[in-house]
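# Close look at the chain arrangement
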Amino acid sequence: MSTKQIESLSEDTVRRIADERDEPEWLLETRLDALAALETAELPDVIQTPGRRWTDLEALDFEALVDPLNQADETERTAGDDEVVVLPFTEALGEYGDVIEANFGSVLDPEHNYLTALSVALFTTGTFVYVPEGVDVEDVTVRAEMNSRSLFSQTLVVAEESSSVTILESIETGDAEIGDDRYFSNLVEVVAGENANVQFGSLQNLDDDAYTYSLKRGVTDTYATVDWIESNFGSKLTRSDIETELNGDGSESQIVGTFFGTDDQHFDINARVWHQAEQTTADLVTRGVLDDVARSVYEGVQDVGEDAWNTSSYQRENTLMLSDDAEADASPKLIIHNHDTEASHSATVGQVDAEDLFYLESRSIDSRTARNMLVEGFFVPVLEEIAVDEFRDDVEELVLERLQ
Amino acid sequence: MSSQQDDLKETDTEARFEFKKEENSAFKSEKGLTEETVRVISEDKDEPEWMLERRLRALEQFQEMPMPTDWPGQPDLSEVDINEIVPYIRPDIDKRGGADSWEDLPEEIQDTFDKLGIPEAEKNALSGVGAQYESEIVYQNMQERWEEKGVIFCDMDKAVQEHEEIVREHFMTKCVPPSDNKFAALHGAIWSGGSFVYVPENTTVEMPIQAYFRMNSEGMGQFEHTLIIAEEGSEVHYIEGCSAPKYSAFNLHSGGVEVFVGEDAHVQYSTVQNWSKNTYNLNTKRAIAEKGGRMEWISGSMGSKATMLYPSTILKGRGASDNHITIAFAGEGQDIDTGAKVYHNAPDTKSTVESKSIAKDGGRTNYRGLVHIADGAENSSTAVECDALMFDNESTSDTMPYMEINESKVDVAHEATVGKIGDEDIFYLQSRGLDDDDAKQMIVSGFIEPITEELPIEYAVELNRLVELEMEGSLG
């Protein structure tokens, strides 16, 4: 692990972060445990086939990227409703300490891998969202700007029985002059109680000097739903994992992903669902576009456990290649332990259809515009899955921006 | 280098000496795969020096390479004890001459042969040297016709002697080098037997060439090597046997298949394998297709405790194409990890993979596939389709395809489905007076039909019969 040793990282560093935020003892202990875990933790698994690793996380120079005591962000949080709690952890710990303690790390083990441990040990920003029983809120937004070399964010969403919430989160680069490479880490845990409904949308549009790691995981109780929308446009290298454990009977999850890579951007996108109860449903849809020398790596896993009777599980991934120098790698996986299952997955890679292009050009649309129209059209099936207008507009706008 | 060669010579003499001394007794107890063993095999076959050297190099590579252990969800190979490999081979060398008898075969194998309707005479032959099937007779009858055309079809050991130059050029050099994986290296060191097929330019072998495995007729039959060379414009269909279970006392099979598909040539390789259920089946099969060449793999994997087999094709020349049709059936205690690999290394190349699997009584099937499209392989297209059928909750069925796409002007599609056997379908058939077993059997037959219809009729019939036996659970 010597390559990942970070000099500025010590117990002192972690204690200072906790002290400054006046955190309770249990959270400091959690941070220190995570710090200790760095000694042995491994980097996240990356797909390998003979002769190559699809994403080179080993090449990340954490010594240069991580500056734990100088984290800065500008984050706007709006709740839209008094009944829902939307607060940074520092403020929430006083009043909701018990709820936080009971749920923090319950969905996502801080020691899951090196990057999660690093994140839990050092996080300074993030949000606690608490939706009490029966409350129904549609417009929780968290808009964050990154203003430092490194930024670690931790979000916990607790949705109680029969509640419903839609959360939109976005991250972009702020105006602070940092120069050089930066590292953004984002961990999100979602606990969906019985019959609760959580929709969590995330839009990452950092500039090209940033490296992003994000792991979002939700668990569902009986009849609960956790839906994810994961849009990645920015960063030089993005590793994004979106996961749902369907633990309650009749629970559901939808994972909608979009990405658009230009220049030498690299996206490593992973979607995973574990069916662990009866009559659960999952639907994974990802569409991505690659231009220039951008690369994408996609892995989707549908894991149906032994007790997951009457499972329905679907996955599709499509990549559109706009450039000959781009590369798209995909590996959709099915792991099925219960035969009472209807499961399918599919993946395609292709270019803009020549006939479609010809058709549009024959209607006197110039080839550039025609191509852009087809790319926009390519995203339509996933955009349609985004129920929140504001979020859909944001994604559409970013697609257009990329096409300029 | 020179001193190393001297060393080799010295050991060589020793080995010869020891071999003579120990052939019947002491050697048997030696553990581990050693240089001596390899020398004994080579000596025994009276091989030219270059082949011995290749074996020894492969042995070195085998010893250096680690066991594959870190693939996601791979079969458990912890029982495969490399140090036990040689003792497993030894007794069989001694048994050459057909010491085995029908009665020595395990009951389940005997039972299967009975149910397959293999006649008594053939049963006897199965356990000994003289295993001769109808195909062998076909071979005899047709040999003259083939010979006139310049077609060569013989066993691999003989080919080393009689067609040394062709073998020397192609044997584990360009297609499956021993360095490919640990078991390819093992194979390179101790391979024995197998088939050699050579089809000259513009020659079509109209009838399928069939090689049934001759059990125990060669000491290490489970390390057989098949080398098929189809020159420009030629066409051949090779069927590797075994519609019946291969029985052997050993628990490791590590074969090698190399196919050279010349320009505009067409090779079809079909096999239905049904290993005994104590066998680890770890093969390497690969084809290289030149411009306009067409490769077809058709395989049924029925037996074995664990199989790791991913026949692969390198589409090297423009317009080359590849088709894979596979079926896997895993019953109790079986882990069949199989799939297909295709490398699109030239423009206008095409491939299709159609894979069907059935898991029952706690068996596991996995489709593990790789489609690689190299930069510059424009206008390539590939379509992969996998369907899995599961019978019960104890079974597992996985699909792990990998797609590496470096070229934009391509058409890549992968699709997979998993489903249980339809209750409604069964109900419908039962309402027509079929019992539960027959109904399931009929549904499975329908499920695998796309595969069976690609096989010559006798194989299709036997594949169906094998599936039927698996369904009855009578294969053990």
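Anything mentioned here points back to the structure above.
Reference entry: report on the structure contained in this document.

Reading the values: rules and limits
- Residues numbered from 1 in each chain as written.
- Chains lettered and ligands numbered in written order.
- Predicted model: local features only at pLDDT ≥ 70, side-chain atom pairs only at ≥ 80, totals over all residues.
- Heavy atoms only, no water.
- Phe/Tyr/Trp six-rings, centres within 6.5 Å; stacked < 30°, edge-to-face > 60°.
- Helix = DSSP H or I, 4+ residues; strand = E, 2+ residues; numbered from the N terminus.
- Buried < 20%, exposed > 50% of the residue type's maximum accessible area, 1.4 Å probe, protein only.
- Lys NZ or Arg CZ within 6 Å of the ring centre and 35° of its normal.
- Axes fitted to C-alpha atoms, helices over the stretch in contact; angles between N-to-C directions.
- Parallel < 35°, antiparallel > 145°, perpendicular 65-115°, else oblique.
- Left-handed = near helix turned anticlockwise from the far one by under 90°.
- Contact = heavy atoms within 4.5 Å.
- Nonpolar A, V, L, I, M, F, W, Y, C, P; charged D, E, K, R; others polar.
- Core = buried A, V, L, I, M, F, W, Y, C linked by side-chain atoms within 4.5 Å.
- 1 Å grid on protein atoms, 1.4 Å probe; cavity = no way out; pocket = protein on both sides within 12 Å on 5 of 7 lines; lining within 4 Å.
- Points joined across faces, edges and corners; volume = space filled by probe spheres on them.

## As for the packing of aromatic side chains
Applying the stated criterion across every chain yields a total of 20 aromatic pairs over all chains. Consider the rings of F89 of chain A and F123 of chain A, whose centres lie 5.6 Å apart with planes at 65 degrees: the pair is edge-to-face. Note that F89 of chain A is positioned in helix α4 (residues 89-103) and F123 of chain A in the loop between α5 (114-122) and β5 (128-131), a separation of 34 residues in sequence. Considered together, F89 of chain A and F123 of chain A belong to a single accessibility category, that of buried residues. Following the ring pairs from residue to residue traces out a cluster consisting of W26, F89, F104 and F123 of chain A. The ring centre of F378 of chain A lies 4.7 Å from the NZ or CZ of R287 of chain A, which sits over that ring. Above the ring of F447 of chain B, the side-chain terminus of K356 of chain B is found at 4.7 Å from the ring centroid.

## Focus: the packing of helix α6 (residues 354-362) of chain A against helix α7 (residues 367-383) of chain A
Residues and elements named next belong to chain A. As a packed pair, α6 and α7 sit with axes 9 Å apart at the nearest point and diverge in direction by 130 degrees. With respect to their mutual orientation, α6 and α7 come out oblique. Remark: the crossing between α6 and α7 carries right-handed chirality. Residues D356, L357, L360 and E361 of α6 touch α7, and the partners they reach there are S367, A370, R371, M373 and L374. Of the residues belonging to the contact of α6 with α7, the class tally is 5 nonpolar, 1 polar and 3 charged.

## Comments concerning the nonpolar core
Membership of the largest hydrophobic core comes to 61 residues, with the highest contact counts inside it found for V84, V131 and W228 of chain A together with I405 of chain B. If you look at the next biggest cluster of nonpolar residues, it comprises 48 residues, including A34, L35, L57 and Y183 of chain A.

## What about the environment of V273 of chain A?
Residues and elements named next belong to chain A. Assignment of secondary structure puts V273 in strand β15 (residues 266-275). Separated by 31 residues in sequence, V273 and V304 have C-alpha atoms that sit 8.3 Å apart. Apart from residues lying up to four places away in sequence, V273 is in contact with T244, L246, I255, A282, L284, V301, Q302 and D303.

## Regarding empty space enclosed by the protein
For the structure shown, the criterion picks out 10 cavities of 30 Å³ or more. Residue lining of the largest cavity: 19 residues in total, with V142, A144, S153, T155 and E169 of chain A positioned closest to the centre. If you list the elements that add at least two residues to the lining of the largest cavity, you get β3 (73-78), β6 (136-146), β7 (150-159), β8 (164-173) and β9 (182-192) of chain A. If one sorts the elements of the lining of the largest cavity by residue count, β8 of chain A sits on top with 4 residues. For the lining of the largest cavity, the class distribution of residues is 8 nonpolar, 8 polar and 3 charged. Taken as a whole, the second largest cavity encloses approximately 110 Å³ of empty space. Lining the second largest cavity are 19 residues, with S355, K356, S357, N366 and Y367 of chain B positioned closest to its centre. Looking at the lining of the second largest cavity, the elements that each hand over two or more residues are β14 (321-330), β15 (335-338), β17 (350-359), β18 (364-373), β19 (380-390), β20 (396-405) and β21 (410-420) of chain B. For the lining of the second largest cavity, the residue count by class is 7 nonpolar, 9 polar and 3 charged.

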